[in-house]
Amino acid sequence: SQIRLISPITNNNEKEIYLGLEYQLQEGWKTYWQSPGDGGFPQEIDWSKSINIKTLEIKWPTPIQFEILGMQSIGYSNHVIFPLKLDLEDVSKLTKVILDVNYLVCKDICIPGKAHLELNIPSGESTLTKHSFILEKTISSLPQKNIELSFIKNSQIKSYSNNNFISIQYSATAKNFFSNPSVFLHTKFGLPVNNSIIKLSANSKNLKTKFIFNKNLINDDII
C-alpha cells in the first residue's frame, strides 16, 4: 500500500480548507470503513503535532461490502481518497499538517500499516494544483448528510427489542427512485455486517430494510 497527502491549492487564505488522504493499494487489497464489520479496523489519524489547525474531520466516501478471510467487512478496494476538512486557527500564518496514520490492509492476509505524513501550506493567494479536480470530484460524491440536499425525500429509523434480539428498521422514500441501493449501518458498537434484505416498492420509490442483532452485542456502556 501507498498513502499520501494531496492538496488542491498551493497557498491558502481561507479559514476552512480540504485536503485529501489518498490510498493506493495493490490489486485486490482492501482497507476499511468507519464501521468495518466482522474484521479489520478503520484508520486512526493523529494530527496533534500539526500547526495552525483548530479541528480536523475525516470524510468517509461510500464504501463497498466484501469478504476477507471468510469474514464480511465494509471498506474500500484498490484506491480511495478520504477528504480531510481542516478548520484553521489563523489564515495569515503557515499551516503545517503533520499526520501519523495507522491503518490495515487485507487480502489473503492482513497487514497493518503506519505512515508519517507532512505537508506545508503557506498563507497567501492560492493557485490550483493538479489534485484539485479529483479532490473536488471526491468531495462532491460523498454521502450527503443533509437530507434536503440529497436524493432522499424522507427517511425513518426505528428499533425494537426482546430478550434476545434488537431489530433496527430503516425506511426511506426517494425523490425519484432507488437504483440498486445498498444500506450500511454505522454505530459505535462495532457490529458485524448484517446482510439485511432490502425491499423496494413497485415504483422503486420506497425502500425498507431491517438489521437484526444479538442483544448482547449492543451495550450502552461502550464509548
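Residues numbered from 1 in each chain as written. Predicted model: local features only at pLDDT ≥ 70, side-chain atom pairs only at ≥ 80, totals over all residues. Heavy atoms only, no water.

A.B. asks: Looking at this structure, how should I read the environment of Gly-113?
C.D. replies: Along the chain, the position of Gly-113 falls in strand 10 (residues 110-121). With 44 residues separating them along the chain, Gly-113 and Leu-69 place their C-alpha atoms 18 Å apart. In this structure, Gly-113 is in contact with Val-101, Asn-102 and Tyr-103, ignoring residues within four places of it in sequence. (Helix = DSSP H or I, 4+ residues; strand = E, 2+ residues; numbered from the N terminus. Contact = heavy atoms within 4.5 Å.)

A.B. asks: Sorry if this is basic, but what is going on with helix 1 (residues 132-140) here?
C.D. replies: In an α-helix, one turn spans 3.6 residues, which is why side chains three or four residues apart end up on the same side. For helix 1, the complete set of buried residues consists of Ser-132, Leu-135 and Thr-138. Down the axis of helix 1, the buried set is contained in an arc of 130 degrees. They therefore lie on one face. For helix 1, the exposed residues lying more than 90 degrees away from the buried face are Phe-133, Glu-136, Lys-137 and Ser-140. Looking at the buried residues of helix 1, the elements they touch are strand 2 (16-24) and strand 8 (79-88). (Buried < 20%, exposed > 50% of the residue type's maximum accessible area, 1.4 Å probe, protein only. Arc of directions from axis to C-beta.)

A.B. asks: In this structure, what is going on with the nonpolar core? I would like to understand it.
C.D. replies: As a rule of thumb, soluble globular proteins bury nonpolar side chains together. Among the nonpolar cores identified, the biggest contains 30 residues, and Tyr-23, Leu-86, Leu-99 and Val-101 are the most heavily contacted of them. Dropping the residues within four chain positions of it, Leu-86 is found in contact with Lys-15, Glu-16, Ile-17, Leu-19, Ile-53, Thr-55, Leu-56 and Val-97. If you look at the next biggest cluster of nonpolar residues, it comprises 7 residues, including Ile-166, Ile-168, Leu-191 and Phe-211. (Core = buried A, V, L, I, M, F, W, Y, C linked by side-chain atoms within 4.5 Å.)

A.B. asks: Quick question: what am I supposed to make of the sheet that holds strand 5 (residues 53-58) here?
C.D. replies: Within a sheet, each strand pairs with its neighbour through backbone hydrogen bonds, oriented either parallel or antiparallel. As summarised here, the arrangement of the 4 strands in space is 1-2-8-5, forming an open sheet in which the pairing is antiparallel. Lying at the two open borders of the sheet, with one neighbouring strand each, are strand 1 (2-6) and strand 5. Neighbour-to-neighbour, the strand axes of this sheet turn through a mean angle of 25 degrees, independent of strand direction. Of the pairings in the sheet, the one linking strand 2 to strand 8 comprises 9 bridges and is antiparallel in character. Each bridged residue has a counterpart across the sheet, and for Gly-20 the counterpart in strand 8 is Pro-83. Across the sheet, helix 1 touches strand 1, strand 2 and strand 8, and the angle it forms with strand 8 is around 90 degrees. (Pairing = 2+ DSSP bridges. Axes fitted to C-alpha atoms, helices over the stretch in contact; angles between N-to-C directions.)

A.B. asks: Explanation requested: the state of the cysteines in the structure shown.
C.D. replies: Disulfides are covalent bonds that connect the sulfur atoms of two cysteines. Under the definition given, this model contains 1 disulfide. Across a sulfur-sulfur distance of 2.0 Å, Cys-106 and Cys-110 are joined as a disulfide pair. Disulfide Cys-106 to Cys-110: torsion about the S-S bond roughly 115 degrees, handedness right-handed. (Disulfide = S-S within 2.5 Å.)

A.B. asks: Looking at this model, I keep getting lost on the pairing of strand 6 (residues 64-68). Mind explaining?
C.D. replies: Every regular strand shows the same layout, with side chains that alternate between the two sheet faces. Examined bridge by bridge, strand 6 and strand 7 (residues 71-77) share 5 bridges and lie antiparallel to one another. Paired with Phe-66 across the bridge in strand 7 is Ser-73. What sits between the antiparallel neighbours strand 6 and strand 7 is a turn of 2 residues, in which Leu-69 has the positive phi angle 55 degrees.

A.B. asks: Would you take a moment to explain the packing of aromatic side chains for this structure?
C.D. replies: We describe a pair of aromatic rings using the distance from one ring centre to the other and the angle between the two ring planes. Applying the stated criterion across every chain yields a total of 7 aromatic pairs. Ring geometry for Tyr-23 versus Phe-82: centroids 5.5 Å apart, planes at 80 degrees, classification edge-to-face. With Tyr-23 in strand 2 and Phe-82 in strand 8, this pair connects stretches of sequence that are 59 residues apart. Each of the two residues, Tyr-23 as well as Phe-82, counts as buried. Between Phe-151 and Phe-178, the aromatic rings sit 5.9 Å apart at their centres with planes inclined by 80 degrees, giving edge-to-face as the arrangement. (Phe/Tyr/Trp six-rings, centres within 6.5 Å; stacked < 30°, edge-to-face > 60°.)

These values are about where atoms sit, not about what they do.
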